[in-house]
Amino acid sequence: MSNSPSATAVHDVVVVGSCMTDLVSFAPRLPKPGETIHGHKFFIGFGGKGANQCIQAARLGAKAAMVCKVGNDTFGENYIENFKSNGISTEYVAQTSEASTGVASITVNDDGQNEIVIVAGANLLLNSEDLEQASNAIRCAKVVVCQLEIQTAISLEALKIAHDAGVKTIFNPAPATADLDPDFYKKTDVFCCNETEAEILTGVEVSNVEDAGKAGSILLEKGCSAVIITMGVKGSLLMSLENQTPCHIPTRKVKAVDTTGAGDSFVGALAFYMAHYPCMELEEMSRRACDIATVSIQSQGTQTSYPSRAQLPQELF
Ligand code: RIB
């Protein structure tokens, strides 16, 4: 990491979060506990919720920077090159010899559904000094995005720095824990989670749009300005302090090949729209982000499936 953060570089989107090397196996179905099954394909890809979101925002045209930590190893070196080749600033990407680059073991079944285990490694060593190095970039960004694959306290610190400087914040509470610090809600403009995460955070079982509305109300009451619950084939649900009537945004039905990272594609696209079209209604941003995430589930891989601006209909821009 550079010791002299640039005072002039203003980024549209700054993501403070995780990088993982994804070890992906495709199998007809997900194994039961204690069971070994044959898979039919394996590959190594770039993942991690934070980095995925940053890559999607950059592919749509956002000037993006990543604040993260990788190991002093081949996976870490490769990840830094990956950011560079996607046009993302690596000024705040730190390396450590104290832990390995984070990894995610992912199994994808024939319906495109997945199971993921992460070993966060170096991600958990991102610390307050690293945030201090990046604090100018965070305070000057148009949008700052955080998740929970780094230390919770560091995510919250990043959201506080951004929010207190008047920067729009998106928080994706993934992986979710029931005992989330209440300050997360207060420092978040758009709280974006999936059905499982909404359920963990509110105790409301979310299996349809009506349930999502109930969970959304509870999340809004906790203090964020807007809540989006993504619901896979059912689209998404938006609620805000301005309009607390749940707004259901359906999505197109497509054949899912691999849903891994679809939520990250949504969040990254949302960050792009919030940065580039600040006057657009959140409902319209969500509709477009959903369209982009729907493209991502139609091919294999996480970042490999994320579309760039040139590959999308121009009416999305
Ligand atoms: O959201 C998908 C991501 O979760 C994967 O890329 C994996 O790395 C885990 O972080």
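Residues numbered from 1 in each chain as written. Predicted model: local features only at pLDDT ≥ 70, side-chain atom pairs only at ≥ 80, totals over all residues. Heavy atoms only, no water.

Undergrad: For this particular structure, what's the right way to read the overall build of the protein?
TA: A count of helices and strands for the protein gives nine helices and 13 strands. The C-alpha atoms of the protein give 18 Å as radius of gyration, which agrees with the globular expectation for 317 residues (20 Å, within 12%). Projected onto its principal axes, the C-alpha positions of the protein cover 50 × 50 × 40 Å. Out of the 317 residues belonging to the protein, those deemed buried represent 54%. For the protein, long-range pairs separated by at least 24 residues make up 68% of all intrachain contacts whose partners lie at least 6 apart in sequence. (Helix = DSSP H or I, 4+ residues; strand = E, 2+ residues; numbered from the N terminus. Rg over C-alpha atoms; globule rule 2.2 N^0.38 Å. Buried < 20%, exposed > 50% of the residue type's maximum accessible area, 1.4 Å probe, protein only. Contact = heavy atoms within 4.5 Å.)

Undergrad: When you look at the pairing of strand S6 (residues 102–108) in this model, what are you seeing that I'm missing?
TA: Successive residues of a regular strand alternate their side chains across the two faces of the sheet. Burial of S6 is one-sided: the residues Gly102, Ala104, Ile106 and Val108 facing one way are buried, the residues Val103, Ser105 and Thr107 facing the other way are not. Pairing between strand S2 (residues 20–26) and S6: seven bridges, direction parallel. Among the inter-strand pairings, Val24 is bridged to a residue of S6, identified as Ile106. For S6 and strand S7 (residues 114–119), the ladder comprises six bridges, and the chain directions are antiparallel. Residue Ile106 lies in a different strand from S7, and its bridge partner there is Ile116. Adjacent in sequence and paired antiparallel, S6 and S7 are bridged by five residues, among which Gly112 carries a positive phi angle near 85 degrees. (Pairing = 2+ DSSP bridges.)

Undergrad: Just checking my understanding: could you explain helix H7 (residues 209–221) for this structure?
TA: Note on helix geometry: an α-helix contains 3.6 residues per turn, so any two residues three or four positions apart are oriented the same way. Between its terminal C-alpha atoms H7 stretches 18 Å, which fits the 18 Å expected from 13 residues at 1.5 Å a residue. Within H7, the full set of buried residues consists of Asp211, Ala212, Gly213, Ala215, Gly216, Leu219 and Leu220. Each element contacted by the buried residues of H7 is listed here: helix H5 (183–186), strand S10 (190–194), helix H6 (195–202), strand S11 (226–230) and strand S12 (236–240). Put simply, Asn208 is the residue that caps the front of H7, since its side-chain oxygen is 3.2 Å from the backbone nitrogen of Glu210. Positive backbone phi, approximately 125 degrees, marks Gly223, located one or two places after H7. (Expected span 1.5 Å × (residues − 1). Polar contact = N/O pair within 3.5 Å; in protein donor to acceptor, adjacent residues only side chain to side chain.)

Undergrad: Sorry if this is basic, but what is going on with a nonpolar patch on the surface here?
TA: Together, Phe42, Ile44 and Phe75 make up a nonpolar patch on the protein surface, roughly 290 Å² of accessible area in all. In this structure, Ile44 sits in strand S3 (residues 41–47). (Patch = residues over 30% accessible without salt bridge, like charges linked within 9 Å, V, L, I, M, F, W, Y side chains within 5 Å. Areas by Shrake-Rupley, 256 points an atom, 1.4 Å probe, with all protein chains shown as cover. Salt bridge = Lys/Arg side-chain N within 4 Å of Asp/Glu carboxyl O.)

Undergrad: Could you clarify how one ought to interpret the site of the ligand in this entry?
TA: Neighbouring residues of the ligand: 13 residues in total, closest Asp22, Gly48, Lys49, Glu149 and Asp264. Contact distances for the ligand include 2.9 Å between an oxygen atom and a side-chain N or O atom of Lys49. Glu149 is positioned with one of its side-chain polar atoms (N or O) 2.7 Å from an oxygen atom of the ligand. Burial of the ligand by the protein amounts to 96% of the accessible area it has alone, namely 280 Å². Every element with two or more residues in the shell around the ligand is listed here: S2, helix H1 (49–60) and S7. Split by residue class, the shell around the ligand holds four nonpolar, five polar and four charged. (Near = heavy atom within 4 Å. Nonpolar A, V, L, I, M, F, W, Y, C, P; charged D, E, K, R; others polar.)

Undergrad: Even after reading the chapter, I still don't get the sheet that holds strand S8 (residues 143–146), so can you show me in this structure?
TA: Sheets are built from strands that pair by backbone hydrogen bonding, the pairs being arranged parallel or antiparallel. With mixed pairing, the nine strands of this open sheet are ordered in space as S5-S4-S1-S8-S9-S10-S11-S12-S13. For this open sheet the edge positions go to strand S5 (93–96) and strand S13 (247–249), each flanked by a neighbour on one side alone. Ignoring strand direction, the axes of neighbouring strands in this sheet form an average angle of 15 degrees. The pairing of S12 with S13 spans three bridges and is classified as antiparallel. (Axes fitted to C-alpha atoms, helices over the stretch in contact; angles between N-to-C directions.)

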